[in-house]
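# Fold and geometry: a report
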Amino acid sequence: MSVRLKTLVTTTVLTAAIAAPAIARDQINIVGSSTVFPFSTTVAERFGKSTDFATPIVESTGSGGGLKLFCSGAGVDTPDITNASRRIKSSEVELCAENGVNDIVEVKIGFDGIVLANALGNDPVELSLQDIFLALAKDVPNGEGALQPNPYTMWNEINPDLPAVKIEVLGPPPTSGTRDAFAELALEGGCKTFDWIKAMKKEDKAAYKSLCHTVREDGAYVEAGENDNLIVQKLEANPNAFGVFGYSFLEQNSDKVQGSLVDGVEPEFELIADGDYPIARSLYFYVKKDHVGVVPGIEEFLAEFTSEDAWGEDGYLADKGLIPLSDDERDDWAEKVKSLSPLSM
C-alpha cells in the first residue's frame, strides 16, 4: 500500500470515529450513598422486573465519592444519578458546572436517623449528645474554659453512668454523607452544649466548625469504610464496640444489633419521622437532566421511585426503613420530578 493510500485510509478512519455519535447505554448508571443504596437497589430491581427497561446498575461509593463521579463530566460514560445522605454542597455544584454538568434535578426522598449501635445481648446504652462529642472529638474542654487533646479512653470517664469499657466506635470515612451528618448533628450538637464554645460560632466560625466536627485519630474512632455489613460483623465479634450507621440498616439487622438512646430518645421510625430523635437527616438523589432521553428509562425510573407504591407511607421503601416525607412534601417533590425542575440552592 502506498504512503498516500495509507494516509487516506487513516484520515478516513479518524474522521469516521470523530463523526460517529456516542453509543448510548441501555442501563441507568447510579452511584453514591451507602445509606440510600438499599432503597435505590430495591426500586431498580422492581423497575427492571415491571418494565421493558434494563435493571439499573447501582453502586455504593459514598455520598462524597458519588457526587465526585457525578460531577466529573457530562456524557454517557459518567453516572446518570447519584444518591446522597446529605444535600449537595455549593462547592460540588460549582465542580459540576466546571465540568459541563449544569442541569441537575434534585429529589428529596425521605428521612433517616443515624444510630450508635452495639451488639444484642448488651445492656441498652443511653447517651447524650455531649457524651458523644466528648468520646469522639479530637479536642475537648478541660473544665477550665480551655481545650485539651481528648484524654478519654473509657466511656465511664466521660459519664459514670456509662459502661466501664474502652471507647471504640466503628464508623464511615470522610467521603460518607453519614459521616458528614453525624459530625453536624451529633458531634456539633454535643459541642455547642458548652456555652463558651457555642459563642465561638459568632466570633470565629471556621475555628468553631473545626473544633466541633474534627474526629479524634488515636484509635477510638475506627474508619470502617462504606460497607455497613462489615460494621455489623465487627460489632458481633466485639460486644464492647459501637457502630455508626443509618436507622434503615439498624432496622434490617435488628436480630443482631440495637440502637442506643440519644438524649433519652430511642431511634424508632415514628420518633425520627416526628423530629424527636436528635440525629436525623434528609436523603436525596440527583439526576443529570441532559441524560434524560439519551439513556433510556430515566423518566420512568424517577416516576417509579416517586410513586406512592414506593416512597409513600405504606410503600415498599418504608418496609426497608425509609422514613417517608409528609403527604404535602411528597406531592411537591413529585411535581418537581415530573417537570424535571432544575436544582435551586
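Per an unreviewed UniProt entry, the protein goes by Phosphate-binding protein PstS and derives from Roseovarius aestuarii.

A contiguous patch of negative charge, built from E266, E268, E270, D274 and D276, is present on the exposed surface. As for its position among the elements, E268 is in the loop between β12 (261–262) and α13 (269–273). By relative accessible area, E268 is classed as partly exposed at 35%.

Now for the state of the cysteines. Disulfides are covalent bonds that link the sulfur atoms of two cysteine residues. One pass over the structure, following the stated rule, counts 2 disulfides. A sulfur-sulfur distance of 2.0 Å marks the disulfide that ties C71 to C96. Between C71 and C96 the sulfur-sulfur dihedral comes to about -70°; the bridge is accordingly left-handed. Taken together, the residues C71 in the loop between α3 (63–70) and β3 (81–84) and C96 in helix α4 (residues 90–98) connect sequence positions 25 residues apart. The same class applies to C71 and to C96, which are both buried. Between the sulfur of C191 and that of C212 lies a disulfide, 2.1 Å long from S to S.

Running from N to C, helix α5 (residues 129–136) and helix α7 (residues 177–191) cross one another at 100°; their axes reach a closest spacing of 6 Å. Between α5 and α7, the crossing angle belongs to the class labelled roughly perpendicular. Of the residues in α7, those in contact with L129, Q130, I132, F133 and L136 of α5 are F182, L185, A186, L187, G189, G190 and C191. Considered class by class, the residues forming the contact of α5 with α7 number 9 nonpolar, 3 polar and no charged.

Two aromatic rings, taken as a pair, are described by how far apart their centres are and by the angle between their planes. The tally for this structure, following the rule as stated, stands at 8 aromatic pairs. Where F301 meets F305, the ring centres are 6.0 Å apart and the plane angle is 80°; that geometry is what we call edge-to-face. Of this pair, F301 and F305 both sit in helix α14 (residues 298–305), 4 residues apart, roughly one helical turn. Joined through ring pairs, the aromatic side chains of F47, F53, F285, F301 and F305 make up one cluster. The ring of Y316 has R46 sitting right over it, with the charged end atom 3.9 Å from the ring centre.

What follows concerns the packing of helix α2 (residues 37–50) against α14. One can describe the packing of α2 onto α14 by two numbers: an axis separation of 10 Å at closest approach and a directional angle of 115°. Here α2 runs over α14; the crossing is right-handed. For the pair α2 and α14, contact is made by F39, S40, V43, A44 and F47 and by E300, F301, E304 and F305, respectively. Class assignment for the residues of the contact of α2 with α14 results in 6 nonpolar, 1 polar and 2 charged.

About the cut-offs
- Residues numbered from 1 in each chain as written.
- Predicted model: local features only at pLDDT ≥ 70, side-chain atom pairs only at ≥ 80, totals over all residues.
- Heavy atoms only, no water.
- Patch = residues over 30% accessible without salt bridge, like charges linked within 9 Å, V, L, I, M, F, W, Y side chains within 5 Å.
- Areas by Shrake-Rupley, 256 points an atom, 1.4 Å probe, with all protein chains shown as cover.
- Salt bridge = Lys/Arg side-chain N within 4 Å of Asp/Glu carboxyl O.
- Lys, Arg positive; Asp, Glu negative; His and termini not counted.
- Charge placed at Lys NZ, Arg CZ, Asp CG, Glu CD.
- Helix = DSSP H or I, 4+ residues; strand = E, 2+ residues; numbered from the N terminus.
- Buried < 20%, exposed > 50% of the residue type's maximum accessible area, 1.4 Å probe, protein only.
- Disulfide = S-S within 2.5 Å.
- Axes fitted to C-alpha atoms, helices over the stretch in contact; angles between N-to-C directions.
- Parallel < 35°, antiparallel > 145°, perpendicular 65-115°, else oblique.
- Contact = heavy atoms within 4.5 Å.
- Nonpolar A, V, L, I, M, F, W, Y, C, P; charged D, E, K, R; others polar.
- Phe/Tyr/Trp six-rings, centres within 6.5 Å; stacked < 30°, edge-to-face > 60°.
- Lys NZ or Arg CZ within 6 Å of the ring centre and 35° of its normal.
- Left-handed = near helix turned anticlockwise from the far one by under 90°.

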